[in-house]
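Overview (structure and organization)
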Amino acid sequence: MNAFEKFLVGFKATMQTPTNYGWFHLMFVAIAITVTVLLCIFAKNMQEKTFRKFVFWCWIVVLVLEIYKQVFYATLEVNGEQLNWIYKWGNFPFQLCSTPLYLLPFVAFMKDGKVRDSIISFLCTFAMFGGLVVFLYPNDVFVSMIGINIQTMVHHVLQIVLGIFMLVYYRKKLDWKFFLKGIIVFGIAILTALLLNTVVYNTISHDFNMFYIGPYIKCHLPILSDVWTKVPYIVFLLIYVLGFILAAAIMFAIPYYLIKLIKKQKNKKQPKEA
């Protein structure tokens with residue numbers, strides 16, 4: 001075992017596996033709420049250049065933590081003094097919650113336009129819903145390794161914070177056409193996952209199920225796991241897609257109509273011209 005490998009093994013500090021709504025979980029819930037409120041109140045009118053820099057540095061945090069996660073998941077097996085580098089393809093970062101890893105650079109650097117709007121729409125609806133579900137019920141993602149638990153919580157906190165903040169920051173763009181643009185990105189992501197699931201499963205590893213929609217491995221997501229076992233695969237896939245579109249629409253509708261209501265109330269309070 002070389003010095004770098006000894007460092008990796010020694011860096012795997014452990015903790016008692018956190019529980020849902022235990023102190024560790026609640027600490028990050030408080031952080032998420034606090035950061036979201038502060039951003040939406042004090043930074044909702046920040047300059048576009050500043051916003052792009054903010055998104056970029058959030059992406060750097062997500063990227064560094066994801067690299068950390070992938071390296072440590074690839075070095076879990078220690079045989080005496082020999083470290084076995086074995087990558088488990090089931091941990092490959094292409095789930096719904098992983099999409100910010102690939103899309104945030106486009107938000108940070110791409111010129112404003114329909115493509116960028118589509119990506120933003122996806123991130124603040126579909127991606128935010130995925131992050132919110134895991135964040136509210138993280139039981140399956142908590143482990144006994146401190147670093148991985150921190151990575152999980154920071155990743156999902158940023159996913160939620162950025163999603164809500166983007167809705168507030170781009171509040172003047174919000175309409176249902178804006179939401180529909182996000183469905184296009186979701187469709188591309190689903191098709192990519194289906195292709196990867198088919199190719200990788202049949203060539204590299206049987207432990208590969210991106211977006212949990214592969215035809216070979218049972219979906220373990222709540223509710224959808226029951227659907228997977230009771231209906232033909234094509235029906236399951238249709239229910240999965242429509243279900244996530246509905247959930248994303250709800251994620252969009254709540255802030256959209258809330259912002260409209262706030263605007264309406266402000267207009268009522270403004271004195272009428274004589």
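Since we're looking at a predicted model, the values are computed, not measured. (Residues numbered from 1 in each chain as written. Predicted model: local features only at pLDDT ≥ 70, side-chain atom pairs only at ≥ 80, totals over all residues. Heavy atoms only, no water.)

Moving on to the packing of aromatic side chains. Two descriptors summarise a pair of aromatic rings, namely the distance from one centre to the other and the angle between the planes of the rings. Under the defined criterion, the tally for this structure stands at 34 aromatic pairs. A ring pair is formed by tyrosine 169 and tyrosine 170, whose centres lie 4.9 Å apart and whose planes are at 85°; its orientation type is edge-to-face. Here tryptophan 176 and phenylalanine 179 contribute two aromatic rings whose centre-to-centre distance is 5.5 Å and whose plane-to-plane angle is 85°, an arrangement assigned as edge-to-face. On the criterion of helical spacing, the pair formed by tryptophan 176 and phenylalanine 179 is a turn pair, its members being three residues apart in helix H7 (residues 176-203). Judged by relative accessible area, tryptophan 176 falls into the partly exposed class, the value being 31%. (Phe/Tyr/Trp six-rings, centres within 6.5 Å; stacked < 30°, edge-to-face > 60°. Helix = DSSP H or I, 4+ residues; strand = E, 2+ residues; numbered from the N terminus. Buried < 20%, exposed > 50% of the residue type's maximum accessible area, 1.4 Å probe, protein only.)

Take empty space enclosed by the protein next. By the definition in use, this model includes one cavity of 30 Å³ or more. Approximately 70 Å³ is the volume attributed to the largest cavity. Around the largest cavity sit Val62, Pro100, Leu104, Leu123, His155, Leu158, Gln159, Leu162, Gly163 and Met166, which together line it. Breaking the lining of the largest cavity down by element, the ones donating at least two residues are helix H4 (99-109) and helix H6 (146-169). Broken down by element, the residue count for the lining of the largest cavity peaks at six residues, all from H6. (1 Å grid on protein atoms, 1.4 Å probe; cavity = no way out; pocket = protein on both sides within 12 Å on 5 of 7 lines; lining within 4 Å. Points joined across faces, edges and corners; volume = space filled by probe spheres on them.)

In this structure, glutamine 95 sits in the loop between strand E2 (82-84) and H4. Sequence-distant contacts of glutamine 95, that is, excluding residues within four places in its chain, are made with Asn209, Met210, Phe211 and Tyr212. (Contact = heavy atoms within 4.5 Å.)

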